[in-house]
Each structure stands twice: as structure tokens, then as C-alpha cells.
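Residue-level structure breakdown
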Amino acid sequence: MYPVVRLAKELVKHRNAPPLKLGETHVSHHVCWPWDIDVFLEMNNGRTLTLFDIGRMVLFQRMGLTGTMRRHGLAGTIAGSSVRYRRRVRAFDRIEMRSRVAGWDERFTYAEQSMWRDGECTSHALLRMAVTDRSGMVPTARLAGILGEVPDLPLPDWVRAWSDAESLRPWPPMPF
């Protein structure tokens, strides 16, 4: 079940936080509750992705993107992701989440997110995001025009390499 109460709490908590520009980092703090854990008594990988969702929603709210996109009939979607899980997060652990827009190319915008416990990274995600309207995907040049003045945010080499590798992946996949 999607944690709508947790999402609402984060949106309300950060509603008066200073606005963020593209590339700036939103920092939030969370607790791994018993309903977030799996049979191994650690945060479920699906819940990690859900918390990353919440972090991005608040990031976009603080950047002013949510309202702008609604006014122009736009919606956002995840078009791909890569996640590294490196340290366990157990029940009642306190974590810090960091979320930022890492850059964009002609078609996609990329977000980078990480979770930290006691100064050590527990997981790191790279997400490829698309903006859509009724006609389909919106090119990032059109999105930049809607948003107004957009700073140049070059795509890091490692993000571009991941995106290039993803373009080699067959779609649809071969049946197996």
C-alpha cells in the first residue's frame, strides 16, 4: 500500500522550505518503520523505491515544477531506473535521503537519489524521467521553454554512459 500519510506529511513539512533550483539537493529524514521491512527484518527494496518517489515529489514541489506542470497539462513518469543497495536499513533506523536533478538530454531528465545512515550511503538510485502530455513524450527543450530560465546542467559522464547502455537493451524483450 502506498504510504499516502507519509507523502502528505513530507509535502506539508516542506511546504515553506526555501525553493530549490535545478541541480540543488532536497534533504529529508525518515525512519524505517516495522511496516517497511521484509522477512529479513530490513527495509524492503520496494519501500526504498517508494521513499525515493516521495523524495522526488517534494523535490519537484520545492522547485515549483508540480504546479507548472499541472497548469500546462503535463505529467511525469519514470522511464528507467538503476539502484544500488549496499547497506542494510533495519527497523527503526533513521535515514537521510538526498534527491536532486542530475541533468537532462534531448528526451529525458535524470534524478539522482541516495539514502544515508550514520554518514554511510545505504542505497543510490539513478532515475530516467519523462514528461508527457496528451500527445506523448515532451522533449526537454519544450519543457525548458515552459519552465522559463533553466540553468545549464550538463549530464555527468556516468549518467550518459548508463543512458547509452540502456539504449542497447532490446525492447520489447525477447520472450524467455
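Notes on the structure follow. Note that the structure is a prediction, hence the values are computed from the model and not measured.

1. Describing the packing of aromatic side chains
All chains considered together, the criterion is met by three aromatic pairs. Their ring planes at 20° and their centres at 5.8 Å tell us that W33 and W35 sit as a pair that is stacked. Look at W35 and you get exposed, because its relative accessible area is 60%. Here the aromatic rings of W33 and F92 are separated by 6.2 Å at their centres, their planes lie at 90°, and the arrangement is edge-to-face. Of this pair, W33 sits in the loop between β1 (26-31) and α2 (45-63) while F92 is found in the loop between β2 (75-85) and β3 (94-104), placing the two residues 59 residues apart along the sequence. Residue class for W33 comes out partly exposed when judged on its relative accessible area of 34%. A relative accessible area of 53% means that F92 is categorised as exposed. Of note, R98 hangs over the ring of W116, and the distance from its end group to the ring centre comes to 4.3 Å. Of note, R128 hangs over the ring of F108, and the distance from its end group to the ring centre comes to 4.7 Å.

2. Thoughts on the packing of helix α1 (residues 4-13) against α2
Direction vectors running N to C along α1 and α2 enclose 30°, while the axes themselves pass 10 Å from each other. On the basis of the axis angle, α1 is roughly parallel to α2. Our pair here, α1 against α2, has a crossing hand that is right-handed. Counting all contacts with α1, which are made through R6, L7, E10 and L11, the residues of α2 involved are R47, L51, I54, M57, V58 and Q61.

3. As for the nonpolar core
Formed by 16 residues in total, the largest nonpolar core has its most connected members in L59, F60, M63, L74, V101 and V131. Listing elements by their share of this core, those giving two or more residues are α2, α3 (65-71), β5 (120-133) and α4 (140-147). When residues of this core are assigned to their parent elements, the largest contribution, three residues, is made by α2. Once you skip the residues sitting within four places of it in the chain, M63 turns out to touch L20, K21, L22 and V101.

4. Focus on the pattern of salt bridges
With the rule as written, the count across this model stands at twelve salt bridges. Note that R88 and E42 form a salt bridge whose closest N and O atoms lie 2.7 Å from each other. Taken together, the positions of R88 in the loop between β2 and β3 and E42 in the loop between β1 and α2 put the pair 46 residues apart, joining distant regions of the chain. Look at E42 and you get buried, because its relative accessible area is 18%. Counted as one network, the salt bridges with shared partners bring together R6, D36 and R47.

5. Structural notes on the environment of T25
Its location among the elements puts T25 in the loop between α1 and β1. Remark: the alpha-carbon pair of T25 and Q113, spanning 88 residues in sequence, is separated by 9.2 Å. Excluding anything up to four places from it in sequence, T25 contacts L20, R98, S99 and R100.

6. So, the state of the cysteines
The full count for this structure, using the stated rule, is zero disulfides. With no disulfide partner, C32 has as its closest neighbouring cysteine sulfur the one in C121, 16 Å distant. You can call C121 partly exposed: its relative accessible area is 24%.

Rules used throughout
Residues numbered from 1 in each chain as written. Predicted model: local features only at pLDDT ≥ 70, side-chain atom pairs only at ≥ 80, totals over all residues. Heavy atoms only, no water. Phe/Tyr/Trp six-rings, centres within 6.5 Å; stacked < 30°, edge-to-face > 60°. Buried < 20%, exposed > 50% of the residue type's maximum accessible area, 1.4 Å probe, protein only. Helix = DSSP H or I, 4+ residues; strand = E, 2+ residues; numbered from the N terminus. Lys NZ or Arg CZ within 6 Å of the ring centre and 35° of its normal. Axes fitted to C-alpha atoms, helices over the stretch in contact; angles between N-to-C directions. Parallel < 35°, antiparallel > 145°, perpendicular 65-115°, else oblique. Left-handed = near helix turned anticlockwise from the far one by under 90°. Contact = heavy atoms within 4.5 Å. Core = buried A, V, L, I, M, F, W, Y, C linked by side-chain atoms within 4.5 Å. Salt bridge = Lys/Arg side-chain N within 4 Å of Asp/Glu carboxyl O. Disulfide = S-S within 2.5 Å.

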